[in-house]
Amino acid sequence: MPTLTRHRWRWAALAVLLAAEAMNLLDATIVQVAGPAIHAELPGPAADIPWFSAAYTLPFAAFLITGGRLGDVLGRARVFKLGVAGFVLASLACAAAPDAGLLIGARAVQGAAAALVIPQTIGLIRALFDGDELAKALGSIGPVMGLSAVTGPLLGGLLTQAVSWRAAFLVNVPLGLAVLLAARLLREDRAATRPRLDLAGTALVVAGAGLLVYPLIDPAGPNWGLLAAGAVLLAVFGFHQRRAAAPLVEPSLFTHRGFPAALAGSLLFFAVMTGLMQVVPMQLQLGMGADVRTAGLTLLPLSAGLAVSSYVAGARLVPKFGSRVMFAGPALLLTGILAALTAGAGAYPWALALCGLGMGTFTVPFFTAALHRVRPAETGSAAGLLNAVQQLGGTLGVAALGGLYLGTGTVAAALGVGAALVVAAAVAVVPLTTREGSGWRSPRPGAAPREISSRRGR
């Protein structure tokens, strides 16, 4: 049990954890608006612009589950502090980067450091709180994530316009140092049984994901050989997980089709969501000559729609209608994309507002349905894998839609592919709301979660 002094400062310790989480999540989006301005100052091909975002989210996704395991082994507070320190140093390197290559490399280090920080949050909160306070503390994570999504592109645009794109990275330094100084409030916590690290599985994920993302950003078109190699390595990773003594993910999660459907839906939907937030600022700045502040403000209706619909979905729609309300999300998002595609840039404010409403309406019931049938022992693995796939989807979206825009010189191709991916995402999540076959059913208002049956057992 925590000491009296630790318990007394538990809410301040929660603020430390949430500040670190916001800092890491902001950097996933803050460069999306600033990318063209960075490219204008640092010499290099236009294909570097998607990499300013993808170089962060790719290692973030690939090392996320391993980062959680390191916290189990070494202590979550210790790994949290190491991650924040690495993030601050990488932010300094980003701000001082003299060329695009070094900036991309520093962004990759940032992403890897973020993968050490984010997985520790829930475990450290559980070490500080219990009972009703634990639910309140865990419930604070969602609004922080939403606020980060809203403010990231806007903050990136304003800082770049008012000072420099380098300020978007330097802002992490005082915040990160404050988090490190206040981290003494945290209570050390680690797994009761120290798990082994699956280094082979981690290497397969990193190599496979990298081979999928890298060729998609090439404006000359994807290298199908590299894409095939990446797919093969990820397939090998799947077989490896079934036989590994200490797998990164629980194999029992895949004994019914509901959870794989959730992974497919997450990959596709967040590819569109993140790719759209990359392509629109690129088109405004590179294609229409808008300044970076205008590009950031253009995304404001999307961010506002996302914030409003997330709240309404969680507070009103899901309790009343259950998880089937998630299908309204792709419908709204598709309507917004088609409006932007047919009406042009003049329709962006209200078209992007529709997109934001669709994003929030989908994400809240989606995650509720995806985790509804997961057993308590599988919750950590399931949440970590969903998080990792979400980040990987965002990386693929930036690569694919950004690469299409740069390769064709028109936003129509990127928006068209985005619309097709929205439809595919809606189809992919159908098993989350059907009763036949998989044993997964739509969560009903007031229904208690049931454990998913496993043919493998535990």
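We now turn to the structure provided with this report. Because the structure is a prediction, the values reported are computed rather than measured.

It is worth spelling out a nonpolar patch on the surface at this point. A surface patch of nonpolar side chains, amounting to about 280 Å² of accessible area, comprises L89, L92 and L170. Tracing the backbone shows L92 in helix α4 (residues 76–96). Take L92: its relative accessible area is 39%, and that puts it in the partly exposed class.

According to the stated counting rule, one finds 5 salt bridges in the structure shown. Put simply, E133 and R10 hold a salt bridge, and the shortest N to O gap is 2.8 Å. Of this pair, E133 sits in helix α7 (residues 131–139) while R10 sits in helix α2 (residues 10–41), and the two are 123 residues apart along the sequence. On the basis of relative accessibility, which here comes to 23%, the residue E133 falls in the partly exposed class. Across the pair D27 and R107 runs a salt bridge, and its minimum N-O distance is 3.4 Å. Taken as a pair, D27 in helix α2 and R107 in helix α5 (residues 100–117) lie far apart in primary sequence, 80 residues in all. Residue D27 is classed as buried on the basis of its relative accessible area, which comes to 0%.

With that out of the way, let us pick up a positive patch on the surface. Together, R78, K81, R184, R190 and R194 make up a positively charged patch on the protein surface. When you line up the elements, R190 lands in the loop between α10 (172–182) and α11 (199–213).

Burial analysis of helix α6 (residues 120–128) places 7 of its 9 residues in the buried class, which makes it a mostly covered element. Taken together, the buried positions of α6 are Q120, T121, G123, L124, I125, A127 and L128.

Core analysis: the biggest nonpolar cluster contains 89 residues, and L103, L276, L333 and M359 have the highest contact counts within it. With 13 residues, the top contributor of residues to this core is helix α13 (residues 258–287). Residues in contact with L333, not counting those within four places in the same chain, are F269, V272, L276, L354, C355, G358, M359 and V422. By size, the runner-up hydrophobic cluster in this structure holds 35 residues, among which are A20, V88, I141 and L186.

Scanning the model with the defined rule gives 11 aromatic pairs in all. Ring centres of Y56 and F87 lie 6.4 Å apart, and the angle between their planes is 80°; this geometry places the pair in the edge-to-face category. With Y56 in helix α3 (residues 48–74) and F87 in helix α4, this pair connects stretches of sequence that are 31 residues apart. Of the two residues, Y56 and F87, both sit in the buried class. An angle of 80° between the planes, with centres 5.9 Å apart, marks the rings of F269 and F270 as edge-to-face. F270 matches F269 in its accessibility class, with the two residues each being buried. Taken together through their ring pairs, the aromatic side chains of F269, F270, F362, F366 and F367 make up a single cluster.

Turning our eyes to something else, we now look at helix α19 (residues 411–428). Between its terminal C-alpha atoms α19 stretches 26 Å, which fits the 26 Å expected from 18 residues at 1.5 Å a residue. Listing the buried residues of α19 in full gives V411, A414, L415, G418, A419, V422, A425, A426 and A428. The backbone nitrogen of A412 lies 3.2 Å from a side-chain oxygen of the residue at the head of α19, namely T410.

So, about the environment of R243. Here R243 shows up in helix α12 (residues 224–243). Judged by relative accessible area, R243 falls into the exposed class, the value being 65%.

The rules behind these values
Residues numbered from 1 in each chain as written. Predicted model: local features only at pLDDT ≥ 70, side-chain atom pairs only at ≥ 80, totals over all residues. Heavy atoms only, no water. Patch = residues over 30% accessible without salt bridge, like charges linked within 9 Å, V, L, I, M, F, W, Y side chains within 5 Å. Areas by Shrake-Rupley, 256 points an atom, 1.4 Å probe, with all protein chains shown as cover. Salt bridge = Lys/Arg side-chain N within 4 Å of Asp/Glu carboxyl O. Helix = DSSP H or I, 4+ residues; strand = E, 2+ residues; numbered from the N terminus. Buried < 20%, exposed > 50% of the residue type's maximum accessible area, 1.4 Å probe, protein only. Lys, Arg positive; Asp, Glu negative; His and termini not counted. Charge placed at Lys NZ, Arg CZ, Asp CG, Glu CD. Core = buried A, V, L, I, M, F, W, Y, C linked by side-chain atoms within 4.5 Å. Contact = heavy atoms within 4.5 Å. Phe/Tyr/Trp six-rings, centres within 6.5 Å; stacked < 30°, edge-to-face > 60°. Expected span 1.5 Å × (residues − 1). Polar contact = N/O pair within 3.5 Å; in protein donor to acceptor, adjacent residues only side chain to side chain.

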